[in-house]
Amino acid sequence: MSSARPELVVVGSGFFGLTVAERVASRLGRRVVVLERRGHIGGNAYSERDPDTGIEIHRYGAHLFHTSNERVWNYARRFTEFTGYRHRVFSRHAGGIYPLPVNLATICQFFGRAFTPDEARALIAEQAAEIHPAEVTNLEEKAISLVGRPLYEAFIRGYTKKQWQTDPTELPAAVIARLPVRFTFDDRYFDDTHEGLPVDGYTAWLERMADHPDIEIRLRTDFFAVRADLPAGVPTVFTGPIDRYFDHRAGELGWRTLDFEREVLPVGDFQGTPVMNYADEDVPFTRIHEFRHFHPEREHPTDRTVVVREFSRFARPGDEPYYPVNTPADRSRLERYRALAAEETRRRMVLFGGRLGTYQYLDMHMAIGSALSMVDNRLRPFFEDGTPLGR
């Protein structure tokens, strides 16, 4: 892109930001500048080759693409083909390994006998009846009312406590609105129509989205450091933390963050599967990723593998925010930020989007779908018809 005045500024180059940039550039023919504070594009979906093994790793935790949204699927395939990968997860508990989500194999293995689907359904219903749904007051009670106490204590209690750094009895029931239990031997993690991993990796996919003559990517550029220098009258799509945009005027929103511990091991295969959950509370990490298993079609070293242990905790100032905590206090603050955001859209033509900009958990396909909707419903009418963004 030339140094010509941009017609849209996008803050953040994750899937939401790049989808907006790509559509506005290619469909609407407008010049877009994308500001990215990191040294690479892609946000948390960024992938790279491990320097010691050559295995592609997801630097910010495993990313699995799945969707039942045909528009999102067709859009994604403009930039990448997908493998036939189907995600399956296992959990270690008390020395055993079980498939998740809970399915008929999990139930048979855990309770040590062969159940028919009807027998398993009756067993779980009997155990879940310990707590009536109307009596639920916290996450623990909600989980027990869904799957019963034995399965809750084995696979949910310790994992949840590590994930949230909070006892499940102190977490709201809404955190775990539903727990899938399958009374068949179907062990797929996702139920979506489409699933797979980008053949050439996430970074290659994202780079193709950004490869347009009317898109300029500015890496290592902090929006807040250059905000005063941006051209007046140019709309902005902001995908960073909404509370940070307003200098925490309504208070800081709660976030969880992740820490990763990488290790190269002198074996060709460490755990035999991409993701292994560790349900027991006395194990400090929540799961281990072994990235070679995400792409079994590729050639990998036979004498080395790379594993990444994942730890979860509350974010502190300066940490990378990953997931909204979403306590009642957070929701109250968020309402105030939404009001501020609506006024900012009206006065300064700033739109807020993405996981951080809306303070909600969005899978990749949800972020892409939301970005496509923003282009359709807000940016296209603005650029083509002059419709105010803050209407």
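The paragraphs below set out a description of the structure included in this document. These numbers come from a predicted model, not from an experiment. Every chain is numbered independently, its residues counted from 1 as its sequence is written. Two thresholds apply to this predicted model, a pLDDT of at least 70 for residue-level local features and 80 or more for giving and counting side-chain atom pairs, whereas whole-chain, interface and lining totals are computed over all residues. Only hydrogens and water are set aside when side-chain values are computed; all heavy atoms of the structure are taken into account.

### Considerations on the nonpolar core
Line of reasoning, step 1. Grouping buried Ala, Val, Leu, Ile, Met, Phe, Trp, Tyr and Cys residues that are joined through side-chain atoms within 4.5 Å yields what is termed a nonpolar core. Throughout this description, buried means an accessible area under 20% of the type-specific maximum (1.4 Å probe, protein chains only), exposed means over 50%, and partly exposed covers the range between. With 81 residues, the main nonpolar core has Phe15, Phe65, Ile107 and Trp205 as its most contacted residues.
Line of reasoning, step 2. With six residues, helix H6 (residues 149–164) is the single largest residue contributor to this core.
Line of reasoning, step 3. In terms of nonpolar packing, the next biggest core, distinct from the first, is built from 23 residues, Val34, Met349, Val375 and Phe382 among them. Per the convention used, a helix needs a DSSP run of H or I reaching at least four residues, while a strand needs a run of E reaching at least two, with both numbered from the N terminus.

### Here we look at the packing of aromatic side chains
Line of reasoning, step 1. Only rings of Phe, Tyr and Trp enter the pairing, Trp through its six-membered ring, and a pair is recorded when the two centres are within 6.5 Å. The plane angle decides the type: under 30 degrees is stacked, over 60 is edge-to-face, the rest tilted. In this structure the tally under the stated criterion is 34 aromatic pairs.
Line of reasoning, step 2. Arranged with centres 6.5 Å apart and planes meeting at 80°, the rings of phenylalanine 15 and tyrosine 202 form a pair that is edge-to-face. Of this pair, phenylalanine 15 sits in helix H1 (residues 15–26) while tyrosine 202 sits in helix H7 (residues 202–210), and the two are 187 residues apart along the sequence.
Line of reasoning, step 3. Given a relative accessible area of 5%, phenylalanine 15 falls into the buried group.
Line of reasoning, step 4. Three or more aromatic residues joined by ring pairs make a cluster, and in this case those are Phe223, Phe224, Phe238, Tyr245, Phe246, Tyr337 and Phe352.
Line of reasoning, step 5. Two thresholds decide whether a charge sits over a ring: the Lys NZ or Arg CZ must be within 6 Å of the ring centre and within 35 degrees of the ring normal. Sitting above the plane of the phenylalanine 115 ring, arginine 113 keeps its charged end 4.1 Å from the centroid.
Line of reasoning, step 6. Positioned above the aromatic ring of tryptophan 164, the side-chain terminus of arginine 256 is 4.1 Å from the ring centre.

### Re H1
Line of reasoning, step 1. In this analysis, the expected span of each helix is defined as 1.5 Å times one less than the number of residues it contains. Compared with an ideal rise of 1.5 Å per residue, which puts 12 residues at 16 Å, H1 spans 16 Å between its outermost C-alpha atoms and is within 8% of the ideal.
Line of reasoning, step 2. Summarising burial for H1: 11 of the 12 residues are buried, a large majority.

### Some points on the pattern of salt bridges
Line of reasoning, step 1. Salt-bridge detection follows one rule: a side-chain nitrogen of Lys or Arg within 4 Å of a carboxyl oxygen of Asp or Glu. Under the definition given, this model contains 38 salt bridges.
Line of reasoning, step 2. In this structure, glutamate 153 and arginine 149 form a salt bridge, with 3.4 Å as the shortest nitrogen-oxygen distance. Placement of the pair is glutamate 153 and arginine 149 together in helix H6, with a separation of four residues, close to one helical turn.
Line of reasoning, step 3. By relative accessible area, arginine 149 is classed as partly exposed at 28%.
Line of reasoning, step 4. Shared partners join several salt bridges into a network, and the residues in it are Glu140, Arg157, Lys161, Asp167 and Glu281.

### Some points on the environment of histidine 300
Line of reasoning, step 1. As for its position among the elements, histidine 300 is in the loop between strand E13 (287–290) and strand E14 (305–314).
Line of reasoning, step 2. Between the alpha carbons of histidine 300 and valine 32 there is a distance of 39 Å; along the sequence they are 268 residues apart.
Line of reasoning, step 3. A polar contact of 3.3 Å, which involves the side chain of histidine 300, links it to the backbone oxygen of arginine 292.
Line of reasoning, step 4. A polar side-chain atom of histidine 300 sits 3.1 Å from the main-chain carbonyl oxygen of histidine 295. Nitrogen and oxygen atoms within 3.5 Å of one another constitute a polar contact, given that in protein one can donate a hydrogen and the other can accept it, and given that sequence-neighbouring residues count only through two side-chain atoms.

### Concerning helix H12 (residues 364–385)
Line of reasoning, step 1. Between its first and last C-alpha atoms H12 spans 30 Å; for 22 residues at 1.5 Å apiece the expected length is 32 Å, and the two agree.
Line of reasoning, step 2. Along its length, H12 shows its largest kink, about 40°, at leucine 379, and proline proline 381 lies within four residues downstream of that point.
Line of reasoning, step 3. Within two residues after H12, glycine 386 carries a phi angle of roughly 75°, on the positive side. Here the bend at each residue means the angle between axes fitted to two seven-residue stretches, the one ending at that residue and the one beginning there.

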